[in-house]
Amino acid sequence: MFVFNIITMKIFKLSQNVWLCKKKQSNGRYAMFLKWTDADRHAHVEYCRDANGHILHIVPPQNKEARSHNSLVLNVCQNLRTLKAAEFISLATLRVPQIVKSSPTLGAFLHTYYEHQQQNGIRSASCTLRLIRIIGMFAPNALLSDAAKTDFVVRLREYLLHTYIINSTQRHLSVNTVVLYLNVLQGALSMAVRRRLICSNPFSHLERSERLHSQPSQRTALNAAEVMRMHRVAPSDVVCLAFVFACLTGLRLSDIRDLQWRHITEQNGVMFVDKTIIKTRRRIAVPLNAQAVSLLERLRGNGATDERIFAMPKSASTISKRLSRVAQAAEVAHKVTFHCARHTFATLIATTSGDINITRQLLGHSNIRTTQIYLHTPAEAMRQAIDRLPQMFDK
């Protein structure tokens with residue numbers, strides 16, 4: 001047994017699977033609870049309770065009565081821990097007979113996982129479809145039981161990194177895209193474990209050197225002159241107009257696609273984009289300046305409230321290609337994607353207002369740390385900030 005201090009918590013390791021823990025309460029007592037991690041590395045917590053359902057506590061050992069109370073409670077908690085550990089032993093012995101002998105194909109199970117994602121509104125469902133096509137090329141006859149082996153995951157990772165070629169660009173996948181596909185497979189195999197189709201998730205058995213980690217993406221914020229040049233190059237291109245509108249509002253591509261005339265509201269003479277964000281399900285109200293209102297007036301048709309404002313192409317790659325052509329014609333040096341518009345909006349708002357909290361609210365972020373990722377302070381703005389420092393010594 002050993003004791004490990006974490007702020008106000010002490011963990012007593014009594015076995016490999018289950019820990020007996022205590023957490024300090026505001027009244028000075030310590031609530032006792034069990035903590036364990038399952039085969040998929042999901043953490044679980046369960047408070048220790050007496051026969052009446054009350055949480056067991058220990059108290060500061062200030063006197064003999066308190067020490068006696070603590071000894072009794074710890075004995076009860078250790079018994080509860082032993083019972084919890086016994087549950088794992090029972091589950092381990094019962095799980096093997098419940099595994100289906102005839103394993104489905106990996107492609108068929110991924111289709112089942114895709115349907116599960118659609119039913120629950122999970123955003124990565126489209127990525128699952130693409131993974132199914134890739135698996136069809138990598139191992140068309142692979143069974144689900146084959147995917148439950150670590151060597152299959154390693155071979156798939158190497159195939160995605162070094163062999164698979166994107167037809168439209170004739171390039172290899174980026175590291176972050178490979179990580180995304182592997183995360184989808186990991187989620188599907190976790191569901192297979194829960195359904196007792198495989199014993200364990202192979203991702204939980206990978207060595208540190210076998211794990212692939214995402215790399216920081218290099219996002220770019222445009223300045224106002226670059227956005228203006230792009231608009232002048234393609235003043236009637238709907239993709240370019242949507243990009244400029246996103247630079248003025250900070251909307252994501254998913255929300256630009258979903259934007260309808262009913263989302264444009266007016267309050268006290270000020271026009272707003274008032275809608276629920278698709279990604280976070282948070283409602284935002286972004287005021288529109290004169291430029292954004294002017295752009296909308298050019299696009300307004302019959303005024304039907306359920307009509308989408310921007311008739312965007314369905315393919316994200318088509319949008320990226322059209323933006324790249326416009327950016328190249330406008331002599332924008334860096335790579336431009338649609339998400340650059342959101343970074344541009346965040347940087348311009350933070351630079352002009354000087355208040356990152358305003359930027360956070362307009363972007364619809366709950367955490368200001370997320371907002372900081374979007375800020376790209378121009379070198380000229382940093383130089384001006386340095387020049388405004390007060391004089392600190394006589395010349």
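Owing to the predicted nature of the structure, the values given are computational and were not obtained by experimental measurement.

Caption draft 1: Summary view of the overall build of the chain. Helix and strand counts for the chain stand at 15 helices and 11 strands. Looking at the chain as a whole, 36% of its 395 residues are labelled buried. For the chain, contacts bridging at least 24 residues in sequence account for 54% of all contacts bridging at least 6. Within the structure as shown, the chain displays about 23700 Å² of accessible surface, and the carbon and sulfur contribution to it stands at 52%.

Caption draft 2: A look at the packing of helix H3 (residues 125-138) against helix H6 (residues 175-194). Where H3 contacts H6, the two axes come as close as 10 Å, and the packing angle between them is 95 degrees. Accordingly, the angle class assigned to the pair H3 and H6 is roughly perpendicular. Here Cys 127, Thr 128, Arg 130, Leu 131 and Ile 134 of H3 come into contact with H6, specifically with Leu 180, Tyr 181, Val 184 and Leu 185. Here the contact of H3 with H6 is composed, by residue class, of 7 nonpolar, 1 polar and 1 charged.

Caption draft 3: How the structure looks around helix H10 (residues 290-299). For H10, every residue scored as buried is listed here: Ala 292, Leu 295 and Leu 296. Each buried residue of H10 lies within a common arc of 100 degrees when the element is viewed along its axis, so the set occupies one face. In H10, those exposed residues whose orientation departs by more than 90 degrees from the buried face are Ala 290, Gln 291 and Glu 297. In the core, the buried residues of H10 are packed alongside helix H8 (238-249) and strand E9 (264-267).

Caption draft 4: Examining the side chain of Thr 128 more closely. Among the structural elements, Thr 128 can be located in helix H3. Accessibility expressed as a relative area gives 0% for Thr 128, which makes it buried. Setting aside anything within four residues of it in sequence, one finds Thr 128 in contact with Leu 110, Tyr 113, Tyr 114, Gln 117 and Val 184.

Caption draft 5: View of the packing of aromatic side chains. The tally for this structure, following the rule as stated, stands at 6 aromatic pairs. Summarising the aromatic geometry, the rings of Phe 138 and Phe 152 are spaced 5.6 Å apart at their centres and angled 70 degrees between planes, so their arrangement reads as edge-to-face. Here the residue Phe 138 occupies a position in helix H3, and Phe 152 occupies one in helix H5 (residues 150-162), the gap between them amounting to 14 residues. Members of the aromatic cluster, joined through ring pairs, are Phe 138, Phe 152, Tyr 159 and Tyr 164. For the cation-ring pair, Lys 22 lies above Tyr 30, with the distance from its terminal atom to the ring centre recorded as 4.5 Å. Between Arg 300 and the ring centre of Trp 261, over which it is positioned, the NZ or CZ distance is 4.1 Å.

Caption draft 6: Summary view of the environment of Asp 255. In this fold, Asp 255 is placed in helix H9 (residues 253-258). When the C-alpha atoms of Asp 255 and Lys 275 are compared, they prove to be 8.7 Å apart, with 20 residues separating the residues in sequence. Residues in contact with Asp 255, not counting those within four places in the same chain, are Lys 275, Thr 276, Ile 277 and Ile 278. A polar atom in the side chain of Asp 255 sits 3.0 Å from the backbone nitrogen of Ile 278.

Caption draft 7: View of the sheet that holds strand E10 (residues 270-276). Taken in spatial order, the 3 strands of this open sheet run E9-E10-E11, and their pairing is antiparallel. Only two strands of the sheet have a single neighbouring strand rather than two, namely E9 and strand E11 (283-287). Neighbour to neighbour, the strand axes of the sheet diverge by 35 degrees on average, direction disregarded. Two strands pair when backbone bridges link them, and E10 and E11 are joined in this way by 5 bridges, in the antiparallel orientation. In the strand pairing of E11, Lys 275 is matched with Ile 284.

Caption draft 8: Quick peek at the state of the cysteines. In this structure the tally under the stated criterion is 0 disulfides. Residue Cys 48 stays outside any disulfide, its sulfur separated by 3.8 Å from that of Cys 77, the closest cysteine. Note on Cys 48: relative accessible area 2%, which makes it buried. Cys 247 takes part in no disulfide bond, and the closest cysteine sulfur to it belongs to Cys 340, at a distance of 8.7 Å. Judged by relative accessible area, which is 6%, Cys 247 ranks as buried.

Caption draft 9: View of the packing of H8 against H10. Between H8 and H10, whose axes approach to 10 Å, the crossing angle comes to 150 degrees. As summarised for this structure, H8 and H10 are arranged roughly antiparallel, according to the angle between their axes. Here H8 runs over H10; the crossing is left-handed. Across from Leu 241, Val 244, Phe 245 and Leu 248 in H8, the residues of H10 making contact are Gln 291, Ala 292, Leu 295, Leu 296, Arg 298 and Leu 299. Taken together, the residues of the contact of H8 with H10 sort by class into 8 nonpolar, 1 polar and 1 charged.

Caption draft 10: Structural detail: the pattern of salt bridges. A full pass over the atoms with the stated rule returns 7 salt bridges. A salt bridge links Asp 237 to Arg 322; the nearest nitrogen and oxygen atoms lie 3.1 Å apart. Placement of Asp 237 in the loop between helix H7 (224-233) and H8 and of Arg 322 in helix H11 (residues 316-329) is noted, with a sequence separation of 85 residues between them. Since its relative accessible area comes to 23%, Arg 322 is described here as partly exposed. For Lys 275, the salt bridge is made with Asp 255, and the minimal N-O distance between the two is 3.0 Å. Of this pair, Lys 275 sits in strand E10 while Asp 255 is found in helix H9, placing the two residues 20 residues apart along the sequence. Here Lys 275 falls in the buried class, since its relative accessible area comes to 2%. Among the ionic contacts, a cluster of salt bridges with common partners joins Asp 255, Asp 258, Lys 275 and Arg 308.

What counts, and where the lines are drawn
Residues numbered from 1 in each chain as written. Predicted model: local features only at pLDDT ≥ 70, side-chain atom pairs only at ≥ 80, totals over all residues. Heavy atoms only, no water. Helix = DSSP H or I, 4+ residues; strand = E, 2+ residues; numbered from the N terminus. Buried < 20%, exposed > 50% of the residue type's maximum accessible area, 1.4 Å probe, protein only. Contact = heavy atoms within 4.5 Å. Areas by Shrake-Rupley, 256 points an atom, 1.4 Å probe, with all protein chains shown as cover. Axes fitted to C-alpha atoms, helices over the stretch in contact; angles between N-to-C directions. Parallel < 35°, antiparallel > 145°, perpendicular 65-115°, else oblique. Nonpolar A, V, L, I, M, F, W, Y, C, P; charged D, E, K, R; others polar. Arc of directions from axis to C-beta. Phe/Tyr/Trp six-rings, centres within 6.5 Å; stacked < 30°, edge-to-face > 60°. Lys NZ or Arg CZ within 6 Å of the ring centre and 35° of its normal. Polar contact = N/O pair within 3.5 Å; in protein donor to acceptor, adjacent residues only side chain to side chain. Pairing = 2+ DSSP bridges. Disulfide = S-S within 2.5 Å. Left-handed = near helix turned anticlockwise from the far one by under 90°. Salt bridge = Lys/Arg side-chain N within 4 Å of Asp/Glu carboxyl O.

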